[in-house]
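Reading the structure
Okay, here's what each chain looks like letter by letter:
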Amino acid sequence: MTQLPNSLHAMDIASIVHPQSNLRKHVEVGPMVFTKGKGIFVYDDDGKEYLEGAAGLWCASLGFGVERLAKVAYEQMTKVGYYHIYRHASNETAIELAAKLLEMAPVPMSKVFFQCSGSEANDTAVKLAWYYWHAMGKPEKKKIIGRKMGYHGSTCAAASISGKPDMHQESGLPFDNFRHTEFPHYYRNQLPGETEEQFSARMAKALEDMIIAEGPETVAAFWAEPVMGAGGAVLPPKGYFEKIQAVLRKYDVLFVADEVICGFGRTGNMWGSQTYKLKPDMISCAKALSAGLQPISALLINERVFQALMTESDKVGHLAHGYTYAGHPVTTAVALETLKIYEEMDMISHVKRVEKVFLAKMNALVDHPLIGEFSGIGLIGALEVVKDKKTRELHPASQGVMATIDANAKKNGLILRLVGNRIAFSPPLIIDEAQVGEMARRLKTTLDETWSAVRAN
Ligand SMILES: Cc1ncc(COP(=O)(O)O)c(C=O)c1O
């Protein structure tokens, strides 16, 4: 038997592989162990408080401990704690949740496919897109187009749709048939003198050129997050989705909106698709669906995709796809209750109210010598850290400016999501105006301390 040392930190180092972490550094520095959560704050094992500016992984919309959801989970576990939805079986809470999601959907949707994570929802959608074109008699329509710096998950197909180079390095990914069009980050990728609308037109033209080069008869689906999260909380430039969707319609390409971060209020509407007027054929969602307290995701599909699935199920004899914990009674019960809480507290109005303070406080930081721009909407946004505000030149990575920001933030009791040279925010949706002020205050101290260190160097 493996003998483990007995402090939590030593046991962690000896036993856990940490995702998205530098494994060698982890062996040296060990973990931050969180032992308590209350509202928008979490506490480490020394009792130090941190304001969670990223809601964990963009998900803990109701904060880090919700008694009402705990009670629902407990009651469901004692009633029927597990049952699957394979082979015509079902359960009450899965049925009610699916009906509720269809009622809430931003565009007419026909059915809901449950999974346990955002990655699985996107994986499922890849397979369904392939099924769809098979059923349409166009099996050669197989190619999936994502975007550079897009993020759709870590399973092999979801990582293939994603356009983050580190997700592909050394892994043999992306799979064949996956392509990536331009990263629509206006601030960073604009040409001299180019307006936002012109930039969007260039992005749409790049997509069209790619579809033509690949052969429209080979392109199955296009994927996009309304606001790109793990790419750095990057908002779409003006006119972007209108132009992109025109291209998709022209070449008969399915559109999958990845609402894993944006769904359930993050952008100030229930869906990012409402904020940006998207008309997707499928929508993947997760995270705030259960306030991050249970692992559940849902893929909403429209009638034309569902009809195609029926055709394929006729041919094969059944739909040969599914997950043991999909439609789990406990995860669906917690998600249903989460949606009830959003309604009762009128979450959308709350986000719209707090958004004003969030945008004002963050925009005020653009004057800081370290900051080049801020862009945000609802309760998601990011500040870009630059060396030169005019040229948008970055600090050399060797200077470790972002690592210094991270360390100072933690010292000041603030957890940030750093993506490259961007400081991203997606606090729990329950954050109030005063707490946004406190978040900005801790950030300002962090930036000031970091600027002093940069100047000293
Ligand atoms: C937009 C988006 N899609 C998909 C995923 C993957 O979700 P999961 O980590 O639950 O598999 C994420 C995770 O952060 C995400 O941000």
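Further up the page is the structure itself.
For the structure given in this document, a descriptive report is provided here. Predicted, not measured: the structure shown is a model, and the values here were computed from it.

The rules behind the values
Residues numbered from 1 in each chain as written. Predicted model: local features only at pLDDT ≥ 70, side-chain atom pairs only at ≥ 80, totals over all residues. Heavy atoms only, no water. Salt bridge = Lys/Arg side-chain N within 4 Å of Asp/Glu carboxyl O. Helix = DSSP H or I, 4+ residues; strand = E, 2+ residues; numbered from the N terminus. Buried < 20%, exposed > 50% of the residue type's maximum accessible area, 1.4 Å probe, protein only. Pairing = 2+ DSSP bridges. Axes fitted to C-alpha atoms, helices over the stretch in contact; angles between N-to-C directions. Contact = heavy atoms within 4.5 Å. Core = buried A, V, L, I, M, F, W, Y, C linked by side-chain atoms within 4.5 Å. Parallel < 35°, antiparallel > 145°, perpendicular 65-115°, else oblique. Left-handed = near helix turned anticlockwise from the far one by under 90°. Nonpolar A, V, L, I, M, F, W, Y, C, P; charged D, E, K, R; others polar. Near = heavy atom within 4 Å. Polar contact = N/O pair within 3.5 Å; in protein donor to acceptor, adjacent residues only side chain to side chain. Areas by Shrake-Rupley, 256 points an atom, 1.4 Å probe, with all protein chains shown as cover.

1. Some details on the pattern of salt bridges
Considering all chains together, one arrives at 28 salt bridges under this definition. The partner of K238 in a salt bridge is E196, with the nearest N and O atoms 3.7 Å apart. Residue K238 is found in the loop between β7 (219-224) and α11 (240-250), and its partner E196 is found in helix α10 (residues 196-214); the two are separated by 42 residues along the sequence. Across the pair E312 and K315 runs a salt bridge whose closest N-O atoms are separated by 2.9 Å. You can see E312 and its partner K315 sitting in helix α13 (residues 303-316), 3 residues apart, about one turn around the helix. You can call K315 exposed: its relative accessible area is 56%. Each of E49, E438, R441 and R442 takes part in salt bridges that share partners, so that together they form one network.

2. Overview of the sheet that holds strand β4 (residues 111-115)
If you walk across this open sheet you meet the 7 strands as β4-β10-β9-β8-β7-β5-β6, and the pairing is mixed. Both outer strands of the open sheet, β4 and β6 (178-181), are each paired with one neighbouring strand and no more. Each adjacent strand pair in this sheet contributes to an overall mean axis angle of 20 degrees, direction not counted. Alignment of strand β5 (residues 143-147) against β6, held across 4 bridges, turns out to be parallel. Considered in β6, the bridge of I144 is made with F178. Against the sheet, helix α6 (residues 118-135) touches β4, β5, β6, β7, β8 (254-258), β9 (282-285) and β10 (297-301), its axis set at about 25 degrees to β10. Set on the sheet, α10 makes contact with β5, β6 and β7; between it and β6 the angle comes to about 150 degrees.

3. Remarks on the nonpolar core
For soluble globular proteins, the rule of thumb is that nonpolar side chains tend to be buried together. Judged by nonpolar contacts, the single largest core of 96 residues is most densely connected at L101, F114, F222, F264, L289 and L300. Membership of the second largest hydrophobic core comes to 24 residues, among which are L128, A129, Y132 and V305.

4. Focus on the packing of helix α15 (residues 347-364) against helix α17 (residues 433-456)
In a packed pair of helices, the relevant descriptors are the angle between the two axes and the axis-to-axis distance. Contact geometry of α15 with α17 gives a least axis separation of 9 Å together with a crossing angle of 20 degrees. Put simply, α15 runs roughly parallel to α17. With respect to the hand of their crossing, α15 and α17 are arranged in right-handed fashion. For the pair α15 and α17, the contacting residues are R353, V354, V357, F358, K361 and M362 in the first and E433, V436, G437, M439, A440 and L443 in the second. Counted by class, the contact of α15 with α17 contains 8 nonpolar, 1 polar and 3 charged residues.

5. Quick word on the site of the ligand
In the neighbourhood of the ligand, the contacting residues comprise S117, G118, S119, N122, Y151, H152, G153, E225, D258, V260, I261 and K287. Take S119: an N or O atom from its side chain is 2.5 Å from an oxygen atom of the ligand. With respect to the ligand, the side chain of K287 contributes an N or O atom lying 2.8 Å from an oxygen atom. Summarising the interface, the protein chains cover 83% of the accessible area of the ligand, which totals 390 Å² for the free molecule. Per element, the largest residue contribution to the shell around the ligand is 3 residues, and it comes from α6. Looking at side-chain class alone, the shell around the ligand contains 3 nonpolar, 6 polar and 3 charged residues.

6. Let's talk about the pairing of strand β12 (residues 380-385)
Here β12 lies mainly inside the structure; 6 of its 6 residues are buried. Across the two faces of β12 the burial is the same, with I380, A382 and E384 and G381, L383 and V385 all buried. Examined bridge by bridge, strand β11 (residues 371-377) and β12 share 6 bridges and lie antiparallel to one another. Residue pairing in the sheet places E373 in a bridge with E384 of β12. Two successive antiparallel strands, β11 and β12, enclose a turn made up of 2 residues, where G378 displays a positive phi of approximately 55 degrees. Relative to strand β15 (residues 422-425), β12 is paired through 4 bridges, and the arrangement is antiparallel. Looking across to β15, one finds that G381 is bridged to F425.

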